[in-house]
Structures are given as structure tokens and as C-alpha cells.
Amino acid sequence: WSEMKVRFRLYSFLTVFQAHRRFCELLPPEHRSTEESLQTRVSLEQILSLPELKANPFKERICRVFSTSPARDSLSFEDFLDLLSVFSDTATPDLKSHYAFRIFDFDDDGTLNREDLSQLVNCLTGPGDDTRLSASEMKQLIDNILEESDIDRDGTINLSEFQHVISRSPDFASSFKIVL
Amino acid sequence: MTSRDRIKAIRNQPRTMEEKRNLKKMVDKEKSKQSHRILELNCCAQCLNSISRAYRRSKNSLSELLTYISLWQKTFKVIGGKFGTSVLSYFNFLRWLLKFNIFSFIVTFSFIIIPQFTVPEKNTLQFTGLEFFTGAGYFQDTVMYYGFYTNSTVQHGSSGAPYNMQLAYIFTTGAYLIVCFFSLLFSMARNFRNNFINPHIYSRGITKLIFCWDFTITHERAVKLKQKNLSTEIRENLSEIRQENVKLTLNQQLIHVLAHLAAWVVSTGVAIACCVAVYYLAENNSEFLKNHQNPGAVLLLPFLVSCINLATPRLYSLFRLVERYETPRREVYILLIRNIFLKISIIGILCYYWLNIVAQAGEECWETLIGQEIYRLLLMDFVFSLADSLLGEFLRRLIGMQFPTSLGLQEFDIARNVLELIYAQTLVWIGTFFCPLLPFIQMITLFIMFYVKNISLMMNFQPPSKAWRASQMMTFFIFLLFFPSFTGVLCTLAITIWRLKPSADCGPFRGLPFFIHSIYSWIDTLSKRSGYLWVVWIYQNLIGSVHFFFILTLIVLIITYLYWQITEGRKIMIRLLHEQIINEGKDKMFLIEKLAKLQDMEKRANTSSFSMERRDVEQTSPLHVREHNAAHDLRFRRSVQEENPKV
């Protein structure tokens, strides 16, 4: 335990303790020792089975953003700890808005263009046919979003514009939260 | 930077654990290189350093522990998982008010009630069960009410320190009021700073709907419901935007204005009628009580007040059918203002009645009578809330289930519930002077209300369908708690202490011409002792003199004016920077188009010269791709560059 405390000095001890306990529950029983748990990686399907993430519309994007494996399909304990610390109460709004931008950037190109935004809206409204917006409604919505957020009028929202928009919504920090 | 700040700065970097650890190693190496050059600190500075480090570490671990064992943490997670952060804000507010009451109770218990327990007087009255409802009878001669407290100086044995009950009573009241005042002020200021960043562009709130998905909701059905509600709300917002450009005819505008006017006249009329009814009943209460010997008859006035508090807000909500507002936010604010006006006028009328009529009617122990009235009001309010939650909402759900499409399940009315909490807290603050055990009673009430509301919420309600700006509304509620509520309490208590004559036979201030004379006589005794002259000096020249307050007010006004001018300057700066960004964006687009045109011309020149060889096919496609990539690259590089200066 003292070794873990030293290794994870950047985070509070209680967060590390709780995160480690939940992470070990996902591993098979023979790999649950402290040594192995820090080395093994957990596949995406298992992380997605956590009750806090199971119902979230953005669960795949969250896992992909925090994964450091080359194929981006598994999470180590450190990635898991990163995830929890960003979604905790103690993370600054800057940090949260940075990761929110990466989660909403579906094609990972560093900006939110029209396709990213329309995929985002489809995630928000759900998979059913009656809740999805029609093409004209989607166009009007994306036009309105870009009108409000795109300051330099280049048709995409970059990180600074996104953070500027988020800074005007004080509810963001309290809703971008996952509690273990 | 101290090491703690360094760790915090590294933790707030948006990088993975590996990168953060490498960064920390590099920074530590640099720091250790530098520290070799700094001379050894002398042992005094080292000692201070280690003390401050230990203090900071203990403070951090204590705050961590507090959030871990915070009250009702698991329940909050369940409520948030099913209903989202908006309903959670009501329960947070309830927990915050509970902290106020716990603090008041601890202060009054330690400084007033415990000393009174050591000099008990005999209680000769009989105990019947009705005391819990009327507050009178047996409870009259207990520590519950002002009248029981002694006005003597308590001293145990010849060596014990003397304890002046009069001073203790008035100082305890002052102490917890001052702490509540500063705590409210700081919460309000912190909320204002975080939530009222003034946008110079009017934002319709569409981006808030899209970018602020509530990640705390974990219940599957709640997520599906929220998605459906979000889709409906987006469609409604879009149709509102489409209709914004449609101008109303003069006739329609006139009808709207008339409807608003009528609604305001009716609501103000109803509020005034309720106040008149309450005053009339209160005035005739004493004769009514003499005619009817039933001890339960004192409950008539609280019963009427609670009925008014139950029925009138629902009447105000019905006005929604007649009035049309431009934005739903304005509707919520106007409803809140009407409800607050009603509740504050009722409390105002009751205070006027108590301070002008009851206090000066010449009865024995009028303070205890007022304390009993407040106790009965609070109790009746609590009983009505319980009945509403347990029976009313349950019946509403049964009725709603019969008509699946039209009425459906009800939604938790956050505004109405928070106003009820504010009303109860106002009464508690006024009543603590007359009934020191009142914070304890309110603590128990809030505890029970939490569990009752929680159970009722889980059983009878569905998640909210419209987005609710939780932070803005919370700021508004804390402001309401401060401005009409707490300042009204301060005014009432100030009038009591400075203008009213205490009763002659009971309580710690018996026999004095005014309550404040206890302080005057204390200052007089202090001025005779040589060691405490500085206290007398402070009292006479700072608290008692007008010049000091005049200068203080002037300084505060000057500072406020300067800050206001700084804010105006910053707003102008923001506007100019905004225009500059738009211009830079246009420049960038212009340059990209020019680059594309040049590349186009170059490609055409190349293809015309190499038209014989088939290399143009291979060249045009990489050139095309390179063109798109150039534009793409410029945008990506720009966003990456913007990230880097932050590191």
C-alpha cells in the first residue's frame, strides 16, 4: 500500500483506494493482487459494464478518450484513475471542459465540425425514431449552435471557443461528474 | 511555487498518468538542482516551514475526510442518478440549512441552556399530551421559552466564576446572528461570482442544452426519459426561435398586456386579502380564546396561515393558463416573486401584530407568548408538509395513473419546496430569541422532512422534463434567504431589543426599561474597572459614534464605485477582443482561399506542361489531397497551438 501511495502521490489517497477496489472487481480473481492489478488492462466491454457508465450515451467515447493502448480498446488502472479524477468534484472546470471537448470530438481531429455536432445531437436524443431530429431541424439546430459558439466564423468549434461557451454555463461543472 | 501548488498544477494538466509522472520527475529534478544553490535556511524558518506544511496537510486530509463521510452521501447519489442535478439542488439546500440549525443549536445549548439547567426552578404545571401541539401548559416553565430563564448571575460555590445570564443571552443571540450573516454573505458572493458572468452576447441556452449533458444520471430508464425530454425541448426551442421573427399584431399585444395586468392585480389582491384575514383573526384571537375554553383553540391562527400557504401558491400557478410569457425563465421568476411577496407579507403582518399589540398589551411574559405562537406556526407548517407529501402526492399519483396521456406523473416543484424551506427558516431565526430550543426542533423537522420527501420523490414523481438552471436558481434562492428573509429577521430583532420593554416578572431581562440596557449597564460596570477601559473606548468611539459609520460607509461606496468602473472597462475590452477574433477569422479564411487559388494555378501550369506524360493523374490527386490537408492542417495546428500556451 505504501508503494501505491508513493506511486500515486498526485491523487488523494481515498480516491486511489476506492478506484482500486472497483477496478479489482472487474479483474478475474487470480489477477487481483496489487502487483498484477497495476499492470493488467481491462477490456472496453468490462469497463462499460460498470453501473455508473452502463446507461451513459457517451460511454464508448469516454473509454476511447482515456485509453492509452495503441488500439484504444482497453484501460489500465492508471487510465481508470485518470477517468475518475477528471469526473470528480476536485477537477477544475478547465480540465473538465478540455476532456468534454475530446469526448464530443467524434472523429478526433481537434475541432467540432458539423458531422461531430450532428453525431453529438443524435447521441443526446437517443436511438429511437420518434426522438431523432429531422434533417431540416438538425440543420437549423447546428446553425444556431455555430452562431452562438463559433466566434471566428470558420464553421467549426475549436477548443478555445468550446471552453468560452462552457464558461457561460455554470451548471457544466456539476453535471460533468461521475460519483463512484 | 510550493510543492503542494506544484502537485495541484500538474494534476490539473490534461495529460495521461505517465506523462504527468514524467513531468513531475522533471520538475523535481529542476527544483533539487536549484535548491543546492540556495543557502540553508536558519532553523526558525525551517520550523515555520514544517509547521505550515503539517497544517496544510492536515487541513487537506480533514476536508477529504469530511466529503467522504458527508451526511446522506449515498442517498444523494441515488437521487442524482434518477432525477439529475436539478432536484438534487433542493436536497443540497436542505442539508445546508440543516448545518445552520445545528450550529445555532450548539451555540444556544452551550451558552444558555446548560447554565440554566444548573439553576433549575420548580415546574408545578401538569403534563398532558396536548403540549406538543400547543406549546403551552407544561412546556411554559421549561428551558423551552424565554420566560424560564433567570436574570441573576449564576455562581457555583465561592470560587466559581460568575456567569451573567443577561449578557450571555444577548451575546449568544448576537453571535449566531453574526455568524449566519457572514456565512450567507460569503455563499451569496461566491455564487454570484461563479454564476453571473455577464455575457455580452445574449445566449438562448441552446448550447447549454447540447453541451451540458447530465453525466450523474445512471438509471437506464431515467436516461431514456431524459433523451426523450431533451428532444422535445430542442424542438420547442427551435420553433420558438422560428417564431421570434413573427411580430404580434397590436391587438394581440394589447391582450397580452391586459392579461399580465389582470394577473398582477388579482395576485396582489389575493395576497392583501390573506394578510387582512390573518390580522383580523390575530386581533380577535384573545377575545375568541376567552370565550372558548378549549385549549386547542389557539391552533386556529396557525391553521389558517398554513392553509393560505398551501392554497395560494397553487392558485398562482393557475395563472399560467391565462398569461403568456416570452421565455419560460421569466415565468418562473415572476411566479417566485409573487409567492415570496405573499409569504413575506404574512410574516410581516404577524411580526407587526406581535411587536405592537402582544408586546404592549401589558400581559405577563409576552415573550413566552410570542415564542409559543411561533412554535405553533412551525409545527402546523410541518404537519401540513407531511400531509401534503404523504397523502396529497400519493393521491395525485393515483389520479394521474388513471389518465395515462393527459396528466401523467407529476414533477417535483423545486421552487415551491425551496420557498417553504426559506419560510420555515425565517420563522426559526425570529423565534430563537423567544424560544431558544427552536433550532433543535427545526433540526428534527428538517431531518424527518428529508426522508419523507425522499421516499415520496422515489414513489410518486417522474424526472423533470424541462431543463432547470440549477446554479442560477440556487443563487437566486440564497439571495432571497439573505435579502427579505434574514434582513427582515435582523430588523425585527433590532426593534425588539431597542424599542420594546421586557416583561417585569419573567426572563433574563426582567425589570429593565429596554433590552439594550443590559449592555449599557455592563459598559458602565466595565468603565469602573481599570483593566477593561479599552472595551469601553471601543464601544463609545466605534460602535456608539455616528462619525465612524459615516466614514465606513463612504469608504465602502468609493470602493464599490471603483470596482464598478473596472467591470465596465473589462466589458469594453471583451467586446473589442471579440471583434478582433472575428476579423482574424476572416483574415484566415481569406488567406486560405488565396493559398488554394495559388495552388490551383500552379497545378494547372504543371498539368499543361506535363500533359504528354501521365504523371498529372498522380500529381493532381496528391495536390488535391494536399490542398485539403493544408486547410485542415492549419485549423488543427491552430487548435493545438492554442492548447500549448496553457502548459
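Bear in mind that the values here come from a model prediction, so they are computed numbers and not experimental data.

## Looking at the overall build of chain A
Right, on to step 1. On a plain count of helices and strands, chain A comes out with 12 helices and 2 strands.
Right, on to step 2. When the helices and strands of chain A are placed in sequence order, the string is α-α-α-β-α-α-α-β-α-α-α-α-α-α.
Right, on to step 3. Principal axes of the C-alpha set define a box for chain A whose edges measure 55 × 35 × 30 Å.
Right, on to step 4. Within chain A, the fraction of its 180 residues that count as buried is 58%.
Right, on to step 5. Pairs at least 24 apart in sequence give 55% of the contacts found in chain A among residues at least 6 apart.

## Section: the UniProt feature "transmembrane region" (unreviewed entry) in chain B
Right, on to step 1. UniProt records the feature "transmembrane region" (unreviewed entry) at residues 96–117, 167–186, 257–282, 294–311, 332–355, 426–452, 472–495 and 543–564 of chain B, using the numbering of this structure.
Right, on to step 2. Overall, residues 472–495 of chain B shows 100% helix and 0% strand. The separation of its end C-alpha atoms is 34 Å.

## Some remarks on the nonpolar core
Right, on to step 1. Ranked by internal contacts, the top residues of the largest apolar core, which has 110 residues, are Phe 93, Leu 184, Trp 354 and Phe 477 of chain B.
Right, on to step 2. Counting residues per element, this core draws most heavily on helix α5 (residues 85–118) of chain B, at 14 residues.
Right, on to step 3. Those residues in contact with Phe 477 of chain B that sit more than four places away from it in its chain are Phe 93, Leu 336, Ala 415, Val 418, Ile 422 and Trp 468 of chain B.
Right, on to step 4. Grouped together as the second largest cluster of nonpolar side chains are 69 residues, Phe 58, Leu 84, Leu 133 and Met 138 of chain A included.

## Thoughts on the packing of aromatic side chains
Right, on to step 1. Taken as a whole and assessed by the stated rule, the structure comprises 57 aromatic pairs over all chains.
Right, on to step 2. Measuring from centroid to centroid gives 5.3 Å for Phe 105 of chain B and Phe 109 of chain B, while their planes differ by 35°, and the two rings are tilted. Of this pair, Phe 105 of chain B and Phe 109 of chain B both sit in helix α5, 4 residues apart, which is roughly one turn of the helix.
Right, on to step 3. For Phe 109 of chain B, a relative accessible area of 30% puts it in the partly exposed group.
Right, on to step 4. Ring geometry for Trp 366 of chain B versus Phe 515 of chain B: centroids 6.2 Å apart, planes at 90°, classification edge-to-face. Taken as a pair, Trp 366 of chain B in helix α14 (residues 366–402) and Phe 515 of chain B in the loop between α17 (470–499) and α18 (517–528) lie far apart in primary sequence, 149 residues in all. For the pair shown, Trp 366 of chain B and Phe 515 of chain B are each scored as buried.
Right, on to step 5. Feature note: the residues Phe 58, Phe 66, Phe 87, Tyr 99, Phe 101, Phe 104, Phe 162, Phe 172 and Phe 176 of chain A together with Phe 211 and Phe 215 of chain B constitute an aromatic cluster, connected by ring pairs.
Right, on to step 6. Above the ring of Phe 106 of chain A, the side-chain terminus of Arg 61 of chain A is found at 5.7 Å from the ring centroid.

## Topic: the environment of Glu 373 of chain B
Right, on to step 1. Inspection of the secondary structure puts Glu 373 of chain B in helix α14.
Right, on to step 2. C-alpha of Glu 373 of chain B to C-alpha of Trp 429 of chain B: the two residues are 56 residues apart in sequence and 14 Å apart in space.

The rules behind these values
- Residues numbered from 1 in each chain as written.
- Chains lettered and ligands numbered in written order.
- Predicted model: local features only at pLDDT ≥ 70, side-chain atom pairs only at ≥ 80, totals over all residues.
- Heavy atoms only, no water.
- Helix = DSSP H or I, 4+ residues; strand = E, 2+ residues; numbered from the N terminus.
- Buried < 20%, exposed > 50% of the residue type's maximum accessible area, 1.4 Å probe, protein only.
- Contact = heavy atoms within 4.5 Å.
- UniProt positions renumbered as here; feature names shortened; annotations may be inferred.
- Core = buried A, V, L, I, M, F, W, Y, C linked by side-chain atoms within 4.5 Å.
- Phe/Tyr/Trp six-rings, centres within 6.5 Å; stacked < 30°, edge-to-face > 60°.
- Lys NZ or Arg CZ within 6 Å of the ring centre and 35° of its normal.

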